[in-house]
Every structure is written in C-alpha cells, then in structure tokens.
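In case you want the letters, here they are:
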Amino acid sequence: MNTDRPEDPQRQRLREQLEAILLRSEKATSWHDEAARLRRLVNHEGYVPVQTRLAVEDLDFLTGARDELLMFSELGLRLLDLHQPRDAGGITSDAAHPILRCRSCMWRWPCPTFRAMSESFGATPETSLPATVPPGPA
Ligand SMILES: [Zn+2]
C-alpha cells in the first residue's frame, strides 16, 4: 500500500521551474574568466565592444538570467526575513548564551532552512554556525 501523499501540484510546478533554471544555468558557458579579461578592455565611455560566439544553450540562459536572478534574490531575502533567530525563552543554565530558535519554523537556530541557504552560498556548516550556539542536538 502506498501511503505517500500525491505531490502538491503547486509544489511540483515550482520544482520543475527550479530544475529548468538549474539545467539552463549548468548548460550555459561561464563568463567568469572572460569577464575578467574583458574588464581590462573597457573604453573611456565605459563600454567594451564584444564579438563572441554564443551557443543556443548560452542564449537560453541569457534570455532569462536577469529576471531569474532577480527572482532568486527576492526569494532569498524573503526567506531570510522569515527564518531568523529569536530567544527561545525558558530557563537556561547559561544566561550569556540563551537558546535561540527560528521564529518561523521553531527549529533550534540556525534552522535547516537558514543552513541550506547559507551552505548554498558557500558557507561551510561549521562557519555558518554562530559562535553563541554550541553544536549538537537540540
Ligand atoms: Zn527557520
């Protein structure tokens, strides 16, 4: 017997959109090294004329890159506003370091959502932990 709930259609649509963005971004050429080289060629008007060969995958990426990045930035900021620490209250043996919980999901701080966001932006799990919270089970 399958006790799993059917996938929520809205959640599934969002997953498909995110996976499509991920695939488009992975297939596109990285401009990291080329941008560094081109930056040295910026003219006195603040521009650099570019002549380049773009693959179809690069055009697919560039078509939506600005809007998608704006969308992701807004998502990140909204998640940061939702998931922030607050004093959990209650009695603690260490008054200088009160136990903090996420005000949205109530997990011990840093909550899984904040950790996932922080790690996605390059923080290692150790460095994403604030010094006031000792590692270990909640
Ligand atoms: Zn949270």
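Placed above this text is the structure.
Residues numbered from 1 in each chain as written. Predicted model: local features only at pLDDT ≥ 70, side-chain atom pairs only at ≥ 80, totals over all residues. Heavy atoms only, no water.

K.L.:
Give a description of the overall build of the chain that names residues and reports values.
P.N.:
Each helix and strand counted, the chain has 4 helices and 2 strands in total. In the chain, the succession of α and β elements from N to C terminus is α-α-α-β-β-α. Sorting the 138 residues of the chain into buried and exposed places 13% on the buried side. Sequence-distant contacts in the chain: of pairs separated by 6 or more residues, those separated by 24 or more amount to 36%. When the accessible surface of the chain is split by element, carbon and sulfur atoms take 56% of a total near 11700 Å². (Helix = DSSP H or I, 4+ residues; strand = E, 2+ residues; numbered from the N terminus. Buried < 20%, exposed > 50% of the residue type's maximum accessible area, 1.4 Å probe, protein only. Contact = heavy atoms within 4.5 Å. Areas by Shrake-Rupley, 256 points an atom, 1.4 Å probe, with all protein chains shown as cover.)

K.L.:
Tell me about the coordination of the zinc ion, and please be specific about residues and values.
P.N.:
Looking at the zinc ion, the protein donor atoms are His-83 (ND1), Cys-102 (SG), Cys-105 (SG) and Cys-111 (SG), and they sit 2.0 to 2.4 Å from it. Taken together, the 4 donor atoms coordinating the zinc ion and their angles of 102 to 120 degrees define a geometry best described as tetrahedral. In the primary sequence, the donor residues of the zinc ion line up as H-x18-C-x2-C-x5-C. (Donors = N, O, S within 2.8 Å, 3.2 Å for Na, K, Ca; no water. Tetrahedral: all angles 85-135°; square planar, octahedral: opposite > 155°, others 65-115°.)

K.L.:
Talk me through a nonpolar patch on the surface; I want residue IDs and the actual numbers.
P.N.:
Together, Leu-14, Leu-18, Leu-69, Phe-72 and Leu-75 make up an exposed nonpolar region whose accessible area comes to about 450 Å². Where the nonpolar patch is concerned, the elements lending two or more residues are α1 (9–27) and α3 (56–82). Here the nonpolar patch takes 3 residues from α3, the largest share from any one element. The residue Leu-14 is located in helix α1 in this model. (Patch = residues over 30% accessible without salt bridge, like charges linked within 9 Å, V, L, I, M, F, W, Y side chains within 5 Å. Salt bridge = Lys/Arg side-chain N within 4 Å of Asp/Glu carboxyl O.)

K.L.:
Describe the nonpolar core, with residues and values.
P.N.:
The biggest cluster of nonpolar side chains holds 5 residues, and these are Leu-100, Cys-102, Trp-109, Cys-111 and Phe-114. Cys-111 has contacts with His-83, Cys-102 and Cys-105, leaving out every residue within four places of it along the chain. (Core = buried A, V, L, I, M, F, W, Y, C linked by side-chain atoms within 4.5 Å.)

K.L.:
An account of the pattern of salt bridges is needed here, citing residue identities and associated values.
P.N.:
Enumeration according to the criterion identifies 4 salt bridges in this entry. Residue Glu-19 pairs with Arg-15 through a salt bridge whose shortest N-O separation is 3.5 Å. Here the residue Glu-19 and the residue Arg-15 both occupy positions in helix α1, the gap between them amounting to 4 residues, near one helical turn. For Arg-15, a relative accessible area of 43% corresponds to the partly exposed category. Between Arg-24 and Glu-68 there is a salt bridge, and its shortest N-O distance comes to 2.2 Å. Of this pair, Arg-24 sits in helix α1 while Glu-68 sits in helix α3, placing them 44 residues apart in sequence.

K.L.:
Mind laying out unusual backbone geometry, listing which residues take part and the relevant values?
P.N.:
Of the consecutive residues Trp-109 and Pro-110, the connecting peptide bond is found in the cis state with omega at 0 degrees. Phi at Met-106 is positive, roughly 70 degrees, even though this residue is not glycine. Residue position: Met-106 is located in the loop between β2 (100–102) and α4 (112–120). Met-106 sits in the partly exposed class, given a relative accessible area of 39%.

K.L.:
For the environment of Pro-112, give the residues involved together with the corresponding values.
P.N.:
The topology assignment puts Pro-112 in helix α4. Look at Pro-112 and you get partly exposed, because its relative accessible area is 37%. Through-space distance from the C-alpha of Pro-112 to that of Cys-102 is 9.5 Å; in sequence the pair is 10 residues apart.

Spatial relationships are all this shows, so hold off on functional conclusions.
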